[in-house]
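Structural overview for review
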Amino acid sequence: DGFMLCYGDIQQAVAAAARIVARMRRTDGPGAHASVHHGVAIARDGDYFGSAVNLAARLLAAASRDQLVATAPVASATGTSFAWEPAGVLRIRGFAEPIEAFRLAA
């Protein structure tokens, strides 16, 4: 199953996703993966919509088990608070320009 979390602060979003992935890594369960992007999300009827939401959802496919991936703006905005590794430049359906992705270092 999947969940979408929406934060007003990029640092908090990355920290929360990293905690979730780390906690799931320590269980015998299925593990978890996560993606983070930032931008405008339109709230309507208890859900979120918009291209930022679509990008975050589609970026998730680039994350393997126990990984957190993010877009370049997220990696840049978190400064030195998190260690990021390049995860490549991705073609994501629905986006004309390639998306530079980063993986949170273990």
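Up top is the structure.
The following refers to the structure shown. (Residues numbered from 1 in each chain as written. Predicted model: local features only at pLDDT ≥ 70, side-chain atom pairs only at ≥ 80, totals over all residues. Heavy atoms only, no water.)

Some thoughts on the packing of aromatic side chains
Going by this rule: Working definition: rings of Phe, Tyr and Trp (its six-membered ring) pair if their centres are within 6.5 Å, and the pair is stacked with planes under 30 degrees apart, edge-to-face with planes over 60 apart, and tilted otherwise. Each residue is assigned to one of three classes by its accessible area relative to the maximum for its type, calculated with a 1.4 Å probe on protein chains only: buried under 20%, partly exposed between the two thresholds, exposed over 50%. Two conditions define a charge sitting above a ring: the NZ of Lys or the CZ of Arg must be within 6 Å of the ring centre, and it must be within 35 degrees of the ring normal.
Applying the stated criterion across every chain yields a total of one aromatic pair. Seen in terms of ring centroids, Phe82 and Trp84 are 6.5 Å apart; in terms of plane orientation they differ by 55°. Their pairing is tilted. Trp84 carries the same exposure label as Phe82, and that label is buried. When the ring centre of Phe49 is taken as reference, the NZ or CZ atom of Arg44 above it lies at 4.4 Å.

Digging into the sheet that holds strand β4 (residues 68-71)
Pairing between the strands of a sheet is mediated by backbone hydrogen bonds and can be parallel or antiparallel. Selection criterion: Two strands qualify as a pair provided that DSSP identifies no fewer than 2 bridges between them. Each helix is a run of H or I in the DSSP string that is no shorter than four residues. Each strand is a run of E no shorter than two, and both are numbered from the N terminus. Axis angles are defined between N-to-C directions and span 0 to 180 degrees, where every axis is a line fitted to C-alpha atoms and, for a helix, only to the segment in contact. Contacts are assigned to residue pairs with any non-hydrogen atoms lying within 4.5 Å of each other.
Here we have four strands laid out as an open sheet, ordered β1-β4-β6-β5, and mixed in their pairing. In this open sheet, the two strands that pair with only one neighbour each are β1 (34-36) and β5 (84-90). Each strand of the sheet is rotated relative to its neighbour by a mean of 30°, with strand direction disregarded. Packing against the sheet, helix α2 (residues 51-59) makes contact with β1, β4, β5 and β6 (99-104), and its axis sits at approximately 145° to β4.

So, the environment of Leu59
Tracing the sequence through the fold places Leu59 in helix α2. Along the backbone, Leu59 and Ala41 are 18 residues apart, and their C-alpha atoms lie at a distance of 16 Å.

Re the nonpolar core
The cut-off we apply is this: What is meant by a nonpolar core is a set of buried Ala, Val, Leu, Ile, Met, Phe, Trp, Tyr and Cys residues, joined one to another through side-chain atoms within 4.5 Å.
Counting residues in each nonpolar core, the largest one holds 15 residues, and the members touching the most others are Val14, Val36, Leu68, Val74, Trp84 and Leu104. Of all the secondary structure elements, the ones that give two or more residues to this core are α1 (10-25), β1, β4, α3 (72-77) and β6. Element by element, the count of residues in this core is highest for α1, at five residues. What Val14 contacts, discounting residues up to four positions off in sequence, is Val36, Leu68, Val74, Thr78, Phe82 and Trp84. Judged by nonpolar contacts, the second largest core, of seven residues, contains Leu59, Val69, Ile99 and Ala101.

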